[in-house]
Amino acid sequence: MESATPVIVAIDGPAGTGKSSTSKAVAAQLGLSYLDTGAQYRAITWWMVNNGIDIDDPAAIAAAAGKPEIVSGTDPQAPTISVDGVDVAGPIRTQEVSAKVSAVSAVPEVRARITELQRSIAASAANGVVVEGRDIGTTVLPDADLKIFLTASPEARAARRSGELKGADVHSTREALIKRDAADSSRKTSPLAKADDAVEVDTTELTLAQVIECVVTLVEEKRAGK
Ligand code: DC
């Protein structure tokens, strides 16, 4: 289905709530672009690690924040991410990057750079866009047409994430997720948070298909002016 007027959908929430799968499917179903903002933070983290920047030194991260060129491809059927022309879709999913991304993404200069990039991508999406992340509804796109905040129990999130990581230990995955959420929620600059006007969807007991249907219905209701 092609959209009539551009629609901006913000989908936020912690890791393992089904944000990426839901956002991609909703965008594909509604003919919208798709932007994975976590991939951008992972990409800049990958670049810092590869260029020998000390992750424990926020000043060093801040000084380097403007250097890498990050490009996101926004086709929901085949999203891409590159840094300085290098495809980093695989390398940004390693445990090393996952363990370091919260520290890098807490640095205000990194957030300013990536936020600007996100806003320009959203503004240039002709049909509209589904943007997924942690601070999209609160900070990046506060005027989004629809804001969704996905949640799920820590157990459900860890089980889903260890399934994605092909059988990684559920206990250690749960610990790593909780640690990352705590860091993302407690940072000073645009923490993980539900916007006041976001619709909260608890996905613990829902299948992916049910979550997708729920969000598609919410977008269609918005478009119909309900
Ligand atoms: O969605 P993800 O797990 O791939 O995101 C990786 C990290 O990026 C997450 O732990 C925090 C950071 N992030 C952020 O700070 N703001 C966003 N809008 C998206 C992700």
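Structure shown above.
The sections below set out a description of the structure shown in this document. Just so it is clear, the model here is predicted, and its values are computed rather than measured. (Residues numbered from 1 in each chain as written. Predicted model: local features only at pLDDT ≥ 70, side-chain atom pairs only at ≥ 80, totals over all residues. Heavy atoms only, no water.)

1. Here we look at the environment of Ala39
Thought 1: Note on placement: Ala39 falls in helix H2 (residues 37-50).
Thought 2: Linking Ala39 and Val101, residues 62 residues apart in sequence, is a C-alpha distance of 9.9 Å.
Thought 3: Other than its neighbours up to four places away in sequence, Ala39 contacts Ile81, Ile92 and Arg93. (Helix = DSSP H or I, 4+ residues; strand = E, 2+ residues; numbered from the N terminus. Contact = heavy atoms within 4.5 Å.)

2. Some remarks on the pattern of salt bridges
Thought 1: For the structure on display, the rule yields 9 salt bridges.
Thought 2: A salt bridge links Arg93 to Asp36, with the shortest nitrogen-to-oxygen separation between them at 3.2 Å. Pair noted here: Arg93 is in the loop between strand E5 (86-87) and helix H4 (95-105) and Asp36 is in strand E2 (residues 33-36), with a separation of 57 residues, a long-range link.
Thought 3: Residue classification places Arg93 among the partly exposed positions, given a relative accessible area of 42%.
Thought 4: Linked through salt bridges whose partners overlap, the residues forming this network are Arg134, Asp184 and Arg187. (Salt bridge = Lys/Arg side-chain N within 4 Å of Asp/Glu carboxyl O. Buried < 20%, exposed > 50% of the residue type's maximum accessible area, 1.4 Å probe, protein only.)

3. What about the site of the ligand?
Thought 1: The environment of the ligand is made up of 16 residues, and the closest members are Arg42, Arg111, Asp135, Arg180 and Asp184.
Thought 2: A distance of 2.7 Å separates an oxygen atom of the ligand from a polar side-chain atom of Arg42.
Thought 3: Taking Arg111, its side chain carries an N or O atom lying 2.8 Å from an oxygen atom of the ligand.
Thought 4: Here the ligand, which alone exposes 450 Å², has 98% of that area covered by the protein. (Near = heavy atom within 4 Å. Polar contact = N/O pair within 3.5 Å; in protein donor to acceptor, adjacent residues only side chain to side chain. Areas by Shrake-Rupley, 256 points an atom, 1.4 Å probe, with all protein chains shown as cover.)

4. Quick word on the nonpolar core
Thought 1: If you look at the biggest cluster of nonpolar residues, it comprises 24 residues, and the most contacted ones within it are Met48 and Val110.
Thought 2: Only H2, helix H3 (58-64), strand E4 (80-83), H4 and helix H5 (108-123) provide two or more residues apiece to this core.
Thought 3: By residue number, the principal contributor to this core is H2, which donates 7 residues.
Thought 4: Setting aside anything within four residues of it in sequence, one finds Val110 in contact with Tyr41, Ile44, Ile61, Ala65, Val104 and Ser105. (Core = buried A, V, L, I, M, F, W, Y, C linked by side-chain atoms within 4.5 Å.)

Nothing here speaks to function; it is all geometry.
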